[in-house]
Amino acid sequence: MTERNRRILWLAIFIGCMLPAADLLRRLFTRDLGADPVETLIRTTGDWAIKLLVVGLLLTPLTRILKNPLPVRFRRMIGLYAFFYVCVHLSLYLAVDQGFDLHAIVKDILKRPYITFGMMAFLLLLPLAITSTKKMVARLGPKRWRQLHRAVYVAASFGVIHYYLLVKADITWPLIYGTILMAALGWRMWQATPLHKTIRAGA
């Protein structure tokens, strides 16, 4: 793939990740968010956050399987977009749903397990977003940076649990995301085993 085509693909993915937010803004201004606009905004941004997290986790396995470095080049952008939707999701909950009532927020976190897991996912994702730049990779060192960013699997797991506990009735999508996440994690664990390294060395 030429550099020009890579840039076009990068732009297409960038715009694709931005479209859900743009569509929500359109629906907000046209009053097309249903009977409970706040709930629609919170749910939709949460949905896109977990979708992009899962997609981001699949890029490394895809790169290795295809033996093509192209997919992994979009990992940081997709990860930051996932964090963007997480921030919007959380901000709507804190500001609009709870009105920045600290006592009510703390009570909600302690009372409702799905809120607890959601907050833990955010707290794990925060340092990953902060250290996502090339300067932070250089400052931490590639090895320490990779070790830190493995926490994304824990954060994504908490996100899936948050989603599972929230939906209650139709758990189809949480189970799909959970299955994909376990497959990606299993693949990473297999890559780290001595048996896999031996097979790869002999290939």
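Higher on the page you've got the structure.
Residues numbered from 1 in each chain as written. Predicted model: local features only at pLDDT ≥ 70, side-chain atom pairs only at ≥ 80, totals over all residues. Heavy atoms only, no water.

(A) Just unusual backbone geometry, in detail. The backbone phi angle of Lys67 is positive, close to 55°, even though this residue is not glycine. With respect to the helices, strands and loops of the structure, Lys67 is situated in the loop between helix H2 (37-66) and helix H3 (75-97). Even without being glycine, Phe100 reaches a positive phi, approximately 55°. Here Phe100 shows up in the loop between H3 and helix H4 (102-111). The exposure class of Phe100 is exposed, given its relative accessible area of 61%. (Helix = DSSP H or I, 4+ residues; strand = E, 2+ residues; numbered from the N terminus. Buried < 20%, exposed > 50% of the residue type's maximum accessible area, 1.4 Å probe, protein only.)

(B) Main features of helix H1 (residues 3-29). Along its 27 residues, H1 runs 38 Å from first to last C-alpha, staying within 8% of the 39 Å computed at 1.5 Å per residue. Maximal helix bending in H1 amounts to about 35°, located at Leu19; proline Pro20 follows within four positions. For H1, the complete set of buried residues consists of Cys17, Pro20, Ala21 and Leu24. Looking at the buried side of H1, the elements it contacts are H2 and H3. Within two residues after H1, Arg31 carries a phi angle of roughly 55°, on the positive side. (Expected span 1.5 Å × (residues − 1). Bend = angle between axes of the 7 residues up to and from the residue. Contact = heavy atoms within 4.5 Å.)

(C) Inspection of the packing of helix H5 (residues 113-130) against helix H8 (residues 151-167) at higher detail. Between H5 and H8, the least distance of the axes is 8 Å, while the angle of their chain directions is 155°. Relative to H8, the element H5 lies roughly antiparallel. Crossing handedness for the pair H5 and H8: left-handed. Where H5 abuts H8, its residues Pro113, Tyr114, Ile115, Phe117, Gly118, Met120, Ala121, Leu124, Leu125 and Leu128 lie against Ala151, Val152, Val154, Ala155, Phe158, Gly159, Ile161, His162, Leu165 and Leu166. (Axes fitted to C-alpha atoms, helices over the stretch in contact; angles between N-to-C directions. Parallel < 35°, antiparallel > 145°, perpendicular 65-115°, else oblique. Left-handed = near helix turned anticlockwise from the far one by under 90°.)

(D) Examining the pattern of salt bridges more closely. Within this structure, the stated rule accounts for 5 salt bridges. Note that Arg6 is salt-bridged to Glu3, the shortest N-O span being 2.8 Å. With Arg6 and Glu3 both in helix H1 and 3 residues apart, this pair spans about one turn of that helix. Residue classification places Glu3 among the partly exposed residues on the basis of a relative accessible area of 42%. (Salt bridge = Lys/Arg side-chain N within 4 Å of Asp/Glu carboxyl O.)

(E) Representation of a positive patch on the surface within the structure. A cluster of basic residues, Arg64, Arg75, Lys143, Arg146, Arg150 and Arg188, forms a positive patch at the surface. Within the secondary structure, Arg64 sits in helix H2. Taking the relative accessible area as the measure of exposure, Arg64 reaches 41% and is therefore partly exposed. (Patch = residues over 30% accessible without salt bridge, like charges linked within 9 Å, V, L, I, M, F, W, Y side chains within 5 Å. Areas by Shrake-Rupley, 256 points an atom, 1.4 Å probe, with all protein chains shown as cover. Lys, Arg positive; Asp, Glu negative; His and termini not counted. Charge placed at Lys NZ, Arg CZ, Asp CG, Glu CD.)

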